[in-house]
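# Survey of secondary and tertiary structure
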Amino acid sequence: MAVTRTRVADDTWVFTSELYAEVNAGLVISPEGGILIDTLPFPSETAQIIQFAKRVCPAGIKYVINTISHADHVYGSCFFPEAELIAQEKAREFLIKYGRKALDEAREYTPELFKVEIRLPKLVFNEGMLIRLGGKTVHAMHAPGPSPDVCVVHVREEKVLFASDLIMPVPYIATPFSDIEVYKRSLAKLHDLNLEAIVQGHGDILLRGEVSSSIDESIQYLNDIQALVERLVKEGATKHDLLQYDIEQFGRSRIPLGGLVRNFHKANLLHLWNQAKARHRQGSQGAPSPHRKQGQQAEELESTATR
Ligand SMILES: [Zn+2]
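Everything numeric here is computed off the predicted structure, so don't read it as measured data. (Residues numbered from 1 in each chain as written. Predicted model: local features only at pLDDT ≥ 70, side-chain atom pairs only at ≥ 80, totals over all residues.)

Packing of helix H5 (residues 208–234) against helix H7 (residues 260–284) brings their axes to within 10 Å, and their N-to-C directions diverge by 45°. Judged by the inter-axis angle, H5 sits oblique to H7. Regarding H5 and H7, the two cross each other, and that crossing is right-handed. Between H5, through Ile 225, Gln 226, Val 229, Glu 230 and Val 233, and H7, the contact on the second element is made entirely by Asn 268, Leu 269, Leu 272, Trp 273, Ala 276, Lys 277 and His 280. For the contact of H5 with H7, a count of residues per class yields seven nonpolar, three polar and two charged. (Axes fitted to C-alpha atoms, helices over the stretch in contact; angles between N-to-C directions. Helix = DSSP H or I, 4+ residues; strand = E, 2+ residues; numbered from the N terminus. Parallel < 35°, antiparallel > 145°, perpendicular 65-115°, else oblique. Left-handed = near helix turned anticlockwise from the far one by under 90°. Contact = placed C-beta atoms within 7 Å. Nonpolar A, V, L, I, M, F, W, Y, C, P; charged D, E, K, R; others polar.)

Written out as structure tokens, the structure is:
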């Protein structure tokens, strides 16, 4: 299957997987070499990036950035042995903790992955890192929320942001390490950047007119599902009641990512529901401290348990 290639600015290209949830990777080209942002999951797809890069970027790829530790973003990293691999420090930690085991499991279903090796980033950063190469300034910035290890990558001269899984056709929070409040703060910060385009972690590229509204709509969506779950839990509703609230009722299309967005939305609702129920149980056991809001204690317990 052919990877879809899109030119998003003069020297910036996007590669979209046909095989896995329309995950995106990007290439910034300069006379001194290329910077690759994520790698696509399957060797046959990464090979298409390599072929293209040989043609348009004769100086070779100098840096590869992993924007999150997930398989679909990082598995191609091992095919660029000459390039320095960069990630947020938490991504390196997650790759060490979970990478090998997840790869072994994935190989059971996809033999092509026997060609893949987990590669650990040698250059790690906490808040951010600036790469200057051949007249390009590429700023990787920590942007936690969907997962603590996410970074977004701003290509300043081209005004393009590779937003990783921070921006998706529907925000996805149904993972053990997500944090919805942190997520909203990371989204709000994107308004400070001067952008012509956002490359989402998965799905379509957002162009100038959609940039600002898509950031706001993501924040709005997270606020709305939080408010819904809070209200329904208070009213004593059931999970069945909860799942009647389709994604379209939040002003979002059901079509992107081959309809996968509907599953993401459902999983989000159930994730928040389970969290709210856990807080409730916690609240009903013993009197809460008068100095704190009821939910806060449970939230703190929960976050230490998942660390
Ligand atoms: Zn992803």
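Next comes the rest of the account.
Now for the sheet that holds strand S4 (residues 33–37). Read across the open sheet, the seven strands follow the order S1-S2-S3-S4-S5-S6-S7; overall the sheet is mixed. Sheet topology places strand S1 (4–9) and strand S7 (123–125) at the edges, where each strand pairs with a single neighbour. In this sheet, neighbouring strand axes are inclined to one another by 20° on average, regardless of whether the strands run parallel or antiparallel. Examined bridge by bridge, S1 and strand S2 (residues 12–16) share five bridges and lie antiparallel to one another. Bridge assignment links Thr 6 to a residue of S2, and that residue is Val 14. Lying over the sheet, helix H1 (residues 43–56) contacts S1, S2, strand S3 (24–30), S4 and strand S5 (61–66), oriented at roughly 15° with respect to S3. Along the sheet face, helix H3 (residues 89–109) touches S5, strand S6 (84–88) and S7 and points at about 100° away from the line of S6. (Pairing = 2+ DSSP bridges.)

Before going further, it helps to examine the pairing of strand S9 (residues 136–142). Where strand S8 (residues 128–133) and S9 come together, six bridges link them in antiparallel fashion. Within S9, the residue paired with Leu 133 across the bridge is Lys 136. Between the end of S8 and the start of S9, which pair antiparallel, lie two residues, with Gly 134 showing a positive phi angle near 50°. Bridge analysis of S9 against strand S10 (residues 151–155) gives five bridges, and the strand direction is antiparallel. Bridging across to S10, His 139 finds its partner in His 154.

For the chain, the domain assignment lists domain 1 (4–211) and domain 2 (221–299). Every contact between the two is made by 13 residues of domain 1 and, on the other side, 15 residues of domain 2. Across the side of domain 1 that touches domain 2, the residue classes tally to nine nonpolar, two polar and two charged. (Domains from an automatic or database assignment.)

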